[in-house]
Amino acid sequence: MAILGFEIEEIARLLTLVDTNDLEEMILEEDERYLRIRGASYTSKKKAVSVSAVPVPPSPIAPPRLPTKKLTVALPPPAVEEQGVPLRSPMVGTFYRSNQPGAPPLVEVGQHVTLGQTLGLIEAMKVFSELPSEVAGTIVSFPAKDGKMVQSGDVIVVVKPD
């Protein structure tokens, strides 16, 4: 689904880029589309990232169009603490450590897990998918934060194998 010429996934990647790098503002202008994303540090009054998208009206005397490149955002991989196996998100969605609001996390740092044990859930389009452990071992860390958006390939949890 597109919003004023931008795909939802494209906006989500840009929001993540602004949020993780604590950027004040990002402006993307190409062809007939314009997107301004203001981060939390843009103003002390707003705590969340805000997005405004406005179509750029065509000029009566338009300059010749130059070929444009598709914007791709590559985020640096999260740091993996200690030695362990990074278990990565298979999709874009919201990561949850518990199976329902207010419930305790399914697993904690330092806890031993078995192969296939559910470590958390990823919600995408109102569908919850379990994140199974790919190895048996001890949970070292959770680089992904509970209730936050994760991208495909982001490290969710690090497990030190047995």
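Everything here concerns the structure above.
Residues numbered from 1 in each chain as written. Predicted model: local features only at pLDDT ≥ 70, side-chain atom pairs only at ≥ 80, totals over all residues. Heavy atoms only, no water.

*Asks:* Quick question: what am I supposed to make of the overall build of the protein chain here?
*Replies:* Each helix and strand counted, the protein chain has one helix and 13 strands in total. Starting at the N terminus and walking to the C terminus, you meet the elements of the protein chain as β-β-α-β-β-β-β-β-β-β-β-β-β-β. Taking all 162 residues of the protein chain together, the buried fraction comes to 28%. Of the contacts formed within the protein chain by residues at least 6 apart in sequence, a portion of 52% connects residues at least 24 apart. In the form shown here, the protein chain has an accessible surface area of approximately 10500 Å², with 57% of it arising from carbon and sulfur atoms. (Helix = DSSP H or I, 4+ residues; strand = E, 2+ residues; numbered from the N terminus. Buried < 20%, exposed > 50% of the residue type's maximum accessible area, 1.4 Å probe, protein only. Contact = heavy atoms within 4.5 Å. Areas by Shrake-Rupley, 256 points an atom, 1.4 Å probe, with all protein chains shown as cover.)

*Asks:* Please clarify how the nonpolar core should be interpreted in this entry.
*Replies:* Burial of nonpolar side chains together is a common tendency in soluble globular proteins. Within the largest apolar cluster, 15 residues are counted, with the highest numbers of intra-cluster contacts made by F95, L119, I139, I156, V157 and V159. Only β9 (118-124) and β13 (155-161) provide two or more residues apiece to this core. By size, the runner-up hydrophobic cluster in this structure holds nine residues, among which are F6, M26, L28 and L35. (Core = buried A, V, L, I, M, F, W, Y, C linked by side-chain atoms within 4.5 Å.)

*Asks:* Even after reading the chapter, I still don't get the environment of R97, so can you show me in this structure?
*Replies:* For R97, the position within the fold is in the loop between β7 (93-96) and β8 (112-113). Given a relative accessible area of 17%, R97 falls into the buried group. C-alpha of R97 to C-alpha of L121: the two residues are 24 residues apart in sequence and 6.5 Å apart in space. Residue contacts for R97: discarding those within four places in its chain leaves P105, L106, V107, E108, V109, L119, F142 and D146. There is a polar contact of 3.4 Å between the side chain of R97 and the side chain of E108. (Polar contact = N/O pair within 3.5 Å; in protein donor to acceptor, adjacent residues only side chain to side chain.)

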